Amino acid sequence: MLELTELIGQGAFRACYKHPLTPGLCIKVFLPGKGSARQFKREIEVYKKVRPALQNFICFYQTELVETNLGPGLINELILDDDGQISQSICYYKGQKQIDDEIISGLNEFSECLLKNNLFFYDFNLLNFVIQKKNGRKLLRFIDLKSYHHYKPWTFLGLEKFIPALARLAMKQRLRKLYSRLGLKPEFF
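This structure is a prediction, so every number in the text was calculated from the model and none was measured.

*Asks:* Go over the overall build of the chain, please, and point to the residues and values.
*Replies:* In terms of regular secondary structure, the chain is built from 4 helices and 8 strands. The helix and strand sequence of the chain, counted from the amino end, reads β-β-β-α-β-β-β-α-α-β-β-α. Here the C-alpha radius of gyration of the chain, 17 Å, is about what a compact globule of 189 residues would show, namely 16 Å. Seen through its principal axes, the chain has C-alpha atoms that stretch 45 × 40 × 30 Å. The long-range fraction of contacts in the chain, counting pairs at least 24 apart against all pairs at least 6 apart in sequence, stands at 58%. Of the charged side chains in the chain, 28 are positive and 19 negative, and the gap between their average positions amounts to 8 Å.

Have a look at this one:
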């Protein structure tokens, strides 16, 4: 059993800790009463499905859960900058008014990749996007796959679940909201 002690960050349902034995990895665990190993297993399956298309936009996942002092854990790559520091969220760059052309280009590529491959996510929390400084470049990374096809109806009858064209429209709307929260206007859709 791994003993988790160094908290990196926490959301509404999960907390992320540095891996106690392996630098460059982190372990996500559910907060008490907020989730289960079944949900992590679903996220691993999502990772296997979307990895070929999203490649460098998402972090590496180990495909087996580990037992920790805080319950089942999901091991992921810890996104680090060249200087060894944990990469900052896109919220940090927004707050510093540092959303530049390189970040916008990464966001555009990510959005185009999702639409081209019909990969539909339902939650684009800004804290789930980090900007990794690597080899003198800023790379957009998406660190939370749990909202992939995690169905939340867009239309009254939930028809987008069965009609791909409606799902695509819903995805475009979610992407527009993402850009809007960043003070940007998408130019390609």
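*Asks:* Break down the sheet that holds strand β7 (residues 129-134) for me, with residues and values.
*Replies:* With antiparallel pairing, 3 strands are arranged side by side in an open sheet as β6-β7-β8. Either end of the sheet is taken by a strand with one partner, and the two such strands are β6 (88-89) and β8 (137-142). Contacting β7 and β8, helix α3 (residues 101-116) crosses the sheet at an angle of about 35 degrees to β8.

*Asks:* If you had to explain α3 to someone new, which residues and values would you point to?
*Replies:* Here α3 spans 22 Å end to end across 16 residues, near enough to the 22 Å set by a 1.5 Å rise per residue. Residues Ile103, Gly106, Leu107, Phe110, Ser111, Cys113, Leu114 and Leu115 constitute the buried set of α3. Elements in contact with the buried residues of α3: α1 (37-54), α2 (90-95), β7, β8 and α4 (164-181). The N-cap residue of α3 is Asp100: its side-chain oxygen and the backbone nitrogen of Glu102 are 3.2 Å apart. Asn118 occupies a position one or two residues after α3 and carries a positive phi of about 50 degrees.

Rules behind the numbers
Residues numbered from 1 in each chain as written. Predicted model: local features only at pLDDT ≥ 70, side-chain atom pairs only at ≥ 80, totals over all residues. Heavy atoms only, no water. Helix = DSSP H or I, 4+ residues; strand = E, 2+ residues; numbered from the N terminus. Rg over C-alpha atoms; globule rule 2.2 N^0.38 Å. Contact = heavy atoms within 4.5 Å. Lys, Arg positive; Asp, Glu negative; His and termini not counted. Charge placed at Lys NZ, Arg CZ, Asp CG, Glu CD. Pairing = 2+ DSSP bridges. Axes fitted to C-alpha atoms, helices over the stretch in contact; angles between N-to-C directions. Expected span 1.5 Å × (residues − 1). Buried < 20%, exposed > 50% of the residue type's maximum accessible area, 1.4 Å probe, protein only. Polar contact = N/O pair within 3.5 Å; in protein donor to acceptor, adjacent residues only side chain to side chain.

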